[in-house]
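Spelled out, the chains give:
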Amino acid sequence: GAGVSQSPSNKVTEKGKDVELRCDPISGHTALYWYRQRLGQGLEFLIYFQGNSAPDKSGLPSDRFSAERTGESVSTLTIQRTQQEDSAVYLCASSPTPLAVQETQYFGPGTRLLVL
Amino acid sequence: AQSVSQHNHHVILSEAASLELGCNYSYGGTVNLFWYVQYPGQHLQLLLKYFSGDPLVKGIKGFEAEFIKSKFSFNLRKPSVQWSDTAEYFCAVNANDYKLSFGAGTTVTVRA
């Protein structure tokens, strides 16, 4: 079956511009997660959706970052007024059930963002 | 908050050599443990996971990992690597909530 998909795969933007990153989770997966991976570092958690609500936004680095999700489907991560330190790979993951403890997250290919 | 440490940043070895990647975490409670792998040009894939039961877990492609609770460790092993095992390996921990905490990753290069 289809996995998690993300678009665009690569995005180059100028400092100060807004960008939107899209994630399509695996069909039927109610939980959706965004992570960021900076060069040479592990993944850092950004936000978690249960259905279309976000119980935990604690990982969002600043108020320039926001995310929304439509139902139990597509999610969009928006970065306003991009800065060079926002350059990273943004990864989306989904899992079948929300708030489950013993669950596996399935990752998308990521969007590589470069802010010039 | 829990943290995850991977001891090696880059490992280079020859085909047929044995591989062991270290992973330690800091959390005193119940944990779920994962190893993910990212092959060149591909996305993160689950290699193996531990939730409970036998602390020695087997994953895909001949990999295994051992959970040692007293050492807060979950080391990954493979007895004989192949060139196709060249990849980046990430250890991740879930501490009874929904998010994963990842180590910084270990790049493994296998020379033919």
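First, a word on what this report is: a plain description of the structure on this page. Fair warning: this is a prediction, and the values are worked out from it, not measured in the lab.

**Considerations on the overall build of chain B**
In step 1: When helices and strands are tallied, chain B shows 0 helices and 12 strands.
In step 2: Overall, chain B shows an N-to-C arrangement of helices and strands of β-β-β-β-β-β-β-β-β-β-β-β.
In step 3: For chain B, whose C-alpha radius of gyration is 13 Å, the value lies close to the compact-globule estimate of 13 Å for 112 residues.
In step 4: Along the three orthogonal principal directions, the C-alpha set of chain B runs to about 40 × 25 × 20 Å.
In step 5: A burial count over chain B gives 47% of its 112 residues as buried.
In step 6: Contacts in chain B between residues at least 24 apart in sequence constitute 55% of all its contacts with a sequence separation of at least 6.

**So, a nonpolar patch on the surface**
In step 1: A cluster of nonpolar side chains, V12(A), L114(A) and L116(A), forms an exposed patch at the surface whose accessible area comes to about 280 Å².
In step 2: Within the secondary structure layout, L114(A) lies in strand 11 (residues 111-115).

**Digging into the pairing of strand 12 (residues 106-111) of chain B**
Residue and element names in this part refer to chain B.
In step 1: Here strand 12 shows a clear split, with T106, V108 and V110 buried on one side and none of T107, T109 and R111 buried on the other.
In step 2: One ladder, built from 5 bridges, connects strand 2 (residues 10-14) with strand 12; its direction is parallel. Bridge assignment links I12 to a residue of strand 12, and that residue is T109.
In step 3: Of the strand pairs in this sheet, strand 10 (residues 87-94) and strand 12 are connected by 3 bridges, and their pairing is antiparallel. Looking at the pairing, A87 lines up with V108 of strand 12.

**Some words on the side chain of Q6(A)**
Residues and elements named next belong to chain A.
In step 1: Among the structural elements, Q6 can be located in strand 1 (residues 5-7).
In step 2: Among the polar contacts made by the side chain of Q6, one reaches the main-chain carbonyl oxygen of Y90 at a distance of 2.9 Å.
In step 3: Side-chain polar atoms of Q6 contact the backbone nitrogen of G110, separated by 2.9 Å.
In step 4: Apart from the residues within four sequence positions on either side, Q6 is in contact with R22, C23, W34, Y90, L91, C92, G108, P109, G110 and T111.

Conventions adopted
- Residues numbered from 1 in each chain as written.
- Chains lettered and ligands numbered in written order.
- Predicted model: local features only at pLDDT ≥ 70, side-chain atom pairs only at ≥ 80, totals over all residues.
- Heavy atoms only, no water.
- Helix = DSSP H or I, 4+ residues; strand = E, 2+ residues; numbered from the N terminus.
- Rg over C-alpha atoms; globule rule 2.2 N^0.38 Å.
- Buried < 20%, exposed > 50% of the residue type's maximum accessible area, 1.4 Å probe, protein only.
- Contact = heavy atoms within 4.5 Å.
- Patch = residues over 30% accessible without salt bridge, like charges linked within 9 Å, V, L, I, M, F, W, Y side chains within 5 Å.
- Areas by Shrake-Rupley, 256 points an atom, 1.4 Å probe, with all protein chains shown as cover.
- Salt bridge = Lys/Arg side-chain N within 4 Å of Asp/Glu carboxyl O.
- Pairing = 2+ DSSP bridges.
- Polar contact = N/O pair within 3.5 Å; in protein donor to acceptor, adjacent residues only side chain to side chain.

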